[in-house]
Each structure stands twice: as structure tokens, then as C-alpha cells.
Amino acid sequence: MNDSSSESYDLLIRGGTVVDPAAGLDAVRDVGVRDGVIARIDTRIDPASASRIIDAEDRLVVPGLIDGHAHVMDGVTPVGLRPDLIGVEAGVTTIVDAGSAGASTFAAFPRYIMPNAKTEILPFLHVGRTGLATIPEVESESDIDREASLAVIERHRQHIYGVKVRIVWPSFEALGMDLPRISRDIAREAGLPLMVHIGDTAGRLQSSAGRDALELLDRGDIVTHLFTHHAGGALDEDGTVWPQLRDAVDRGVMLDTAHGKGNFSFEVARRILDQGIRPDCISTDLAAAGLQEVVFSLTDVMTRFLRLGFSVSEVIAMTTIKPATAAGVEHRLGTLGIGRQADISILDLRHGDFELEDATGALLRAEQAFVPVLTVKRGEIFTPGWGPRPWGWEPRRIA
Ligand SMILES: [Zn+2]
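This one's a predicted model, so the numbers in the text were calculated from it and none came from an experiment.

**Details of the packing of helix α3 (residues 146–155) against helix α5 (residues 178–190)**
Part 1 of the argument: Following both chains from N to C, one finds α3 and α5 inclined at 30 degrees, their axes separated by 10 Å at the closest point. It follows that α3 is roughly parallel to α5 by the angle criterion. The way α3 lies across α5 gives a crossing that is right-handed. Contacts between α3 and α5 involve R146, S149, L150 and I153 from the former and I186, E189 and A190 from the latter.
Part 2 of the argument: Residue composition of the contact of α3 with α5, by class: four nonpolar, one polar and two charged.

As C-alpha cells, then:
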């Protein structure tokens with residue numbers, strides 16, 4: 001008897017297809033969890049060695065899904081959702097909160113939000129001092145307090161993973177290039193990545209707004225809402241990708257596709273993909289305003305990317321190791337390595353005749369859809385709720 005066969009496990013996930021792009025794994029495997037940590041991944045683990053067994057046959061077993069852009073400052077901002085609603089109860093183990101909190105409101109995250117959530121939260125700090133407690137969040141330069149932002153980042157160093165700014169009306173109209181410039185300086189001074197929102201949902205900025213801001217970004221910074229159809233997005237008036245975006249990608253800037261209520265167009269996606277630009281991360285931008293309208297869950301957005309031509313493995317990479325890298329946590333999240341925190345998502349890939357809708361109301365038919373089945377967070381098991389639609393998790397079936 002060798003060492004591994006004499007081991008015991010708190011949890012055994014049996015017979016699923018493990019898709020872990022960071023580990024180069026796409027095969028049927030058993031996964032053993034002990035003390036909240038991945039203890040073993042093997043072709044067969046003796047069921048007698050486990051106190052609890054989950055049958056994952058015909059299911060996908062993937063590293064815990066990471067939503068790289070959502071809003072979970074529930075009770076502090078009007079857009080904030082309860083983290084577990086779109087987290088462990090929806091197949092997602094970790095959420096990047098994209099700037100819900102600013103310097104004046106951040107303390108509520110570690111004091112009230114994080115202790116009440118099973119889902120891990122990786123906040124980015126908004127440059128606007130109130131974060132998204134007020135929208136518009138920046139109307140003049142006095143709404144940004146550089147020193148207070150840096151002091152909050154220093155005080156909450158272990159809880160802040162980046163800095164966020166939105167290039168939108170009226171902020172960009174009031175501050176112009178000072179808006180991304182001050183934001184970039186705060187991020188650089190703090191040694192954190194800067195996440196820049198493009199796409200002005202108010203429709204009042206020129207399409208070139210924010211184009212020059214791309215030149216300020218460097219390796220590790222993030223552009224979010226890549227597929228927005230709004231002015232200030234990635235395309236010029238002729239539908240050509242701004243050269244500044246191409247250059248940013250060449251420098252190592254990461255591209256996120258936060259869907260949201262108003263920033264995702266199949267048509268824009270097609271044009272950008274046809275020009276050879278590939279996003280790094282899939283995210284929802286789920287917020288109270290969009291939950292029951294356009295975007296429903298991370299698995300729902302993943303389904304859209306399958307339909308756009310990405311492979312299952314690419315979609316999983318874009319919701320595991322890539323967002324982990326964007327948030328600087330790839331050393332501990334985003335892959336199922338032995339000894340790592342046991343964050344695991346079990347998914348079903350359903351077949352049917354589905355209808356997908358983007359933020360412009362455009363429709364696409366799809367034959368496959370991801371559905372969450374079970375979430376494991378630090379070894380603890382969570383069952384997804386009924387789902388965001390009256391009939392559950394699936395997109396609408398045509399037939
Ligand atoms: Zn957002």
C-alpha cells in the first residue's frame with residue numbers, strides 16, 4: 001500500500017471531466033479534498049477513503065469560477081447584490097468587486113460585507129471617494145481624494161486588489177484626461193493594476209473618448225467592457241479597433257468583457273474578434289440594476305462565449321486562471337493544484353435550442369448552455385438555488 005492509497009478524504013468528486021486549463025488537464029478524473037484543500041487528483045480514488053462522495057459523471061469539474069467584474073457591496077451601494085446570490089449559490093467561488101467602494105466607504109467591505117459572505121471577494125477601489133454609493137460618482141476633481149485613496153489602500157492592503165475608474169459622462173467631460181491620469185497615478189503609487197471602464201452608457205461622449213486613456217495603461221492593467229456598443233468603446237466610427245487598444249494589448253494590458261445591463265453587443269464582439277483581438281476574461285458586471293433584465297449569471301455569460309466560437313477550455317480559462325491573473329491571485333486561485341484551497345465548480349453543459357440576448361436586444365440561437373450544479377468553496381459544499389429565471393438557470397428554450 002502506498003502513501004496516497006492510505007489517505008482519507010472529506011470529499012470525493014467522482015468521475016467528472018476535469019477541465020483545468022492552467023494545469024493542461026482535460027480528462028476524466030477523481031478529485032479528493034481534505035481539510036479544505038485539494039489533496040489528490042487521480043484516474044481513480046477509492047470511494048471507501050472518502051466520508052462524502054459526489055457523483056460528477058457527465059459533468060464538468062473546473063477550478064472555482066471567478067467573476068472578474070461584479071458589484072456586491074450589498075446595503076452600501078444601490079447597485080450592490082448579496083455576494084453569495086451571484087457567488088457560491090450560482091457556481092462562482094470568487095468575485096472581483098469592480099470599484100463599488102471608494103476611500104470613504106471601503107471600510108464597510110471587511111467590516112460588514114466579507115464576514116457575511118461565503119464567496120471570496122477581491123475588491124478594486126474606485127478613485128471616486130464614494131465609490132458607487134452615488135452615481136455619477138465623479139463630477140469634479142474634488143470627488144477624487146488621492147491621499148485618502150492611498151491611505152485606505154495602505155490600511156486595507158490585504159483586501160484591495162486594484163484601482164477602478166469609469167471613463168463615462170459626466171466624469172470624463174468634467175476632468176478630461178486628468179481622470180485616467182490621476183487614476184493611473186494612484187494605481188502606480190499603490191503598486192496595483194488599474195481597471196478602466198470604457199463605453200459611455202449615457203451616450204453623451206464622443207466615440208474617441210477614452211481612446212487616449214489606453215496609452216496610459218501598462219502590463220497588468222485591465223480594460224473592461226470590451227464588447228460595449230456605446231460611444232467610447234473599442235471601435236472607431238467605421239467599426240475598426242482603435243490602434244491604441246492594439247498597442248495596449250501588445251504591452252500586456254488585459255481585456256475583460258463585463259456584460260452588464262448595457263455593455264455587451266454580439267455585433268461588436270464579432271467585429272472585434274474578426275480583427276484578431278481576443279479578450280482575456282469573461283465577467284458579468286452583475287449589479288442590482290441588471291440582474292433580472294439582461295445578464296443573469298456568470299454561467300450565462302460563459303454560454304454566450306461558447307456561441308461566439310470559444311472552446312469549453314477557453315471559456316473555463318477566461319473564468320478561472322485569467323481573472324485570477326488579472327487580480328494578481330494566480331498563485332493561489334484559478335487552478336486545481338494539489339495543496340491549493342479547494343475551490344471547485346461542477347457544471348452541466350446542457351444541449352437544446354436556446355435563445356441568447358445581448359444588451360442591445362439582438363438575439364442568437366445556441367445549442368449548448370452552461371448550468372451550475374454544485375459549488376465547493378474552501379472544501380465547503382453549496383448547492384445553487386433555483387436560478388435567476390422563472391424556469392431556472394438555462395437560457396430561454398425556443399422549442
Ligand atoms: Zn461594473
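**What about the sheet that holds strand β9 (residues 162–166)?**
Part 1 of the argument: Ordered in space as β6-β7-β8-β9-β10-β11-β12, the seven strands form an open sheet in which the pairing is parallel. The open sheet terminates on both sides in strands that have one partner only, identified here as β6 (65–70) and β12 (254–255).
Part 2 of the argument: Note: strand β11 (residues 222–224) against β12, two bridges, orientation parallel. Bridge pairing in β12 links V223 to L255.
Part 3 of the argument: Lying over the sheet, α5 contacts β9 and β10 (194–197), oriented at roughly 175 degrees with respect to β9.
Part 4 of the argument: Packed on one face of the sheet, helix α8 (residues 298–307) meets β6 and β7 (92–101) and runs near 95 degrees to β6.

**Looking at the packing of aromatic side chains**
Part 1 of the argument: Evaluated as defined, the whole model comprises six aromatic pairs.
Part 2 of the argument: Residues F106 and F109 carry aromatic rings whose centres are separated by 5.6 Å and whose planes lie at 50 degrees to one another, so their mutual orientation is tilted. The two residues F106 and F109 agree in class, both being buried.
Part 3 of the argument: One Lys or Arg, R389, reaches over the ring of F296 and ends 3.8 Å from the middle of that ring.

**As for the domain arrangement of the protein**
Interface size is commonly expressed as the accessible surface area that is lost when the partners come together.
Part 1 of the argument: Per the domain assignment, the segments making up the protein are domain 1 (4–62 + 337–397) and domain 2 (64–326).
Part 2 of the argument: With centres defined by C-alpha atoms, the gap from domain 1 to domain 2 works out at 26 Å.
Part 3 of the argument: Counting residues at the interface gives 38 residues for domain 1, matched by 37 residues for domain 2.
Part 4 of the argument: Here domain 1 and domain 2 share an interface that buries about 3100 Å² over both sides, 66% of which is from carbon and sulfur atoms.
Part 5 of the argument: Together, A359, L364 and F370 form the three largest contributors to the area buried by domain 1 at its contact with domain 2, with a combined 20%.
Part 6 of the argument: For the pair domain 1 and domain 2, the number of links is four salt bridges.
Part 7 of the argument: The partner of E380 in a salt bridge is K118, and the shortest N-O contact between them spans 3.4 Å.

**Describing the pairing of strand β14 (residues 363–377)**
Part 1 of the argument: As defined by bridge partners, strand β13 (residues 344–357) adjoins β14 across 12 bridges and the pair is classed as antiparallel. Each bridged residue has a counterpart across the sheet, and for R350 the counterpart in β14 is A369.
Part 2 of the argument: Following β13, the chain reverses through five residues before pairing antiparallel with β14; G361 in that reversal takes a positive phi of roughly 95 degrees.
Part 3 of the argument: Across three bridges, β14 lies against strand β15 (residues 380–382) in antiparallel orientation. Following the sheet pairing, K377 is matched in β15 by E380.
Part 4 of the argument: What sits between β14 and β15 in their antiparallel hairpin is a turn of two residues, with R378 showing a positive phi close to 50 degrees.

Calculation rules
- Residues numbered from 1 in each chain as written.
- Predicted model: local features only at pLDDT ≥ 70, side-chain atom pairs only at ≥ 80, totals over all residues.
- Heavy atoms only, no water.
- Axes fitted to C-alpha atoms, helices over the stretch in contact; angles between N-to-C directions.
- Helix = DSSP H or I, 4+ residues; strand = E, 2+ residues; numbered from the N terminus.
- Parallel < 35°, antiparallel > 145°, perpendicular 65-115°, else oblique.
- Left-handed = near helix turned anticlockwise from the far one by under 90°.
- Contact = heavy atoms within 4.5 Å.
- Nonpolar A, V, L, I, M, F, W, Y, C, P; charged D, E, K, R; others polar.
- Pairing = 2+ DSSP bridges.
- Phe/Tyr/Trp six-rings, centres within 6.5 Å; stacked < 30°, edge-to-face > 60°.
- Buried < 20%, exposed > 50% of the residue type's maximum accessible area, 1.4 Å probe, protein only.
- Lys NZ or Arg CZ within 6 Å of the ring centre and 35° of its normal.
- Domains from an automatic or database assignment.
- Buried area = accessible area lost by both parts, 1.4 Å probe.
- Salt bridge = Lys/Arg side-chain N within 4 Å of Asp/Glu carboxyl O.

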